[in-house]
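Listed below, chain by chain, are the residues.
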Amino acid sequence: MTAKPQHHDLPRERQDHGRLRLFSGSANPHLTREIAAYLGIPDSVVVRKSFADGELYVQIQESIRGCDVFLVQPTCAPVNDHLMELLIMVDACRRASARQITAVMPYYGYARADRKTAGRESITAKLVANLLVQAGVSRVLAVDLHSAQIQGYFDIPCDHIYGASVLVDYLNTRQWKDYVVVSPDVGGVARARTFAKRFNDAPLAIIDKRRASHNVAESLTVIGDVAGRTAILVDDMIDTGGTIHQGARLLKAQGARTVIACVTHPVFSPPALERLQEPGLFEEVVVTNSIPIRPEQRFSQLTVLSIANVMGEAIWRIHEESSVSSMFR
């Protein structure tokens, strides 16, 4: 099932896009085409090849001298290949004398390591920020960063936009009663609270969870009243699905009538699909197309919403040097 966002549905009239260029990496070209359709501009051509040893080659196929260039590339799996491709595209644009280069990252990979939790760990969210800046990125446009503090890792402008606006628009079309927004862990409370405020000031509940190790979660108890209600589990991503799966089980055990998962980034690493399709657990799993979903990853409860119009509007406002944050007020 696919639905579209309720706002900015129609392409805006574009008076002058002569110096606006939109290029797609190989990670999610379908999303780039949707953004280009909203902007009313063509998706510009990039030649990319791989050498026999796996090295990447990128060439921009038109003059971009003095242009505002937007490179759309989520750094989803294979993360390293897509990140390296983005860096090479940035370097090619910088050497082609682009006026400004914006890395448009619907999904910002390596974001989960955003601080040190033990000795001798790397902070890869900061490392990726450094790589982008050193490659020649002028600014970054990202969607639902794993933590808001990542914006501060950049010494260049970083515009952070929210997939929640699309998710809430879709939920408002449903006729649910007695719903409650649920954070799957304490770390996601701020995200869930913002979501609940947008969603008609819905009540909020929190799952108290202890994580045993990476990708292994143990849910303990629910803080808040969920009995007899439609529980809307809100998170930024589903990776292996362990957190949201155990959270849904706990909500059902606590008397929730139905459980809806609302997530921006469908990473869907194994065994996420098996967990999400457990009989009688999720009524619906709502995600965006920030990461492409392969046909074999689709299942009956899955609803995919497009964030192309929201991203297109943000790109146009950056190009026009107008406010991006006012989109979400």
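J.: Looking at this structure, how should I read the pattern of salt bridges?
T.: Opposite charge on two side chains lets them pair, provided their charged atoms get close. In total, this model carries 14 salt bridges according to the counting rule given. In this structure, the salt-bridge partner of Glu85 is Arg48, at a minimum N-O distance of 2.6 Å. Linking Glu85 in helix α2 (residues 79–95) with Arg48 in strand β3 (residues 46–50), this pair joins segments that are 37 residues apart in sequence. For Glu85, a relative accessible area of 4% corresponds to the buried category.

J.: Please explain unusual backbone geometry as it appears in this structure.
T.: Cis geometry is adopted by the peptide bond preceding Pro78, which originates at Ala77 and carries an omega value of -5 degrees. Secondary-structure assignment places Pro78 in the loop between β5 (68–72) and α2. The step from Pro270 to Pro271 runs through a cis peptide bond, and the omega angle for that step is 5 degrees. We note that Asn200 has phi near 60 degrees; this positive angle belongs to a residue other than glycine. Along the polypeptide, Asn200 turns up in the loop between α5 (189–198) and β10 (204–213). Positive phi values are uncommon outside glycine, yet Asp201 reaches one of about 50 degrees.

J.: Where do I start with the packing of aromatic side chains in this structure?
T.: In this description, a pair of aromatic rings is defined by centroid distance and the angle of the planes. Considering all chains together, one arrives at five aromatic pairs under this definition. Between Tyr162 and Phe328, the ring centres sit 5.5 Å apart and the planes meet at 85 degrees, which makes this aromatic pair edge-to-face. A residue pair is termed long-range when its members are at least 10 positions apart, and Tyr162 in the loop between β8 (158–161) and α4 (164–171) and Phe328 in the segment after α8 (308–320) qualify at 166 residues. Judged by relative accessible area, Phe328 falls into the buried class, the value being 14%. When the centroid spacing of 6.5 Å and the interplanar angle of 50 degrees are considered together, the rings of Phe268 and Phe299 count as tilted. Of this pair, Phe268 sits in the loop between β13 (258–266) and α7 (272–276) while Phe299 is found in the loop between β14 (284–288) and β15 (302–305), placing the two residues 31 residues apart along the sequence.

Conventions we followed
Residues numbered from 1 in each chain as written. Predicted model: local features only at pLDDT ≥ 70, side-chain atom pairs only at ≥ 80, totals over all residues. Heavy atoms only, no water. Salt bridge = Lys/Arg side-chain N within 4 Å of Asp/Glu carboxyl O. Helix = DSSP H or I, 4+ residues; strand = E, 2+ residues; numbered from the N terminus. Buried < 20%, exposed > 50% of the residue type's maximum accessible area, 1.4 Å probe, protein only. Phe/Tyr/Trp six-rings, centres within 6.5 Å; stacked < 30°, edge-to-face > 60°.

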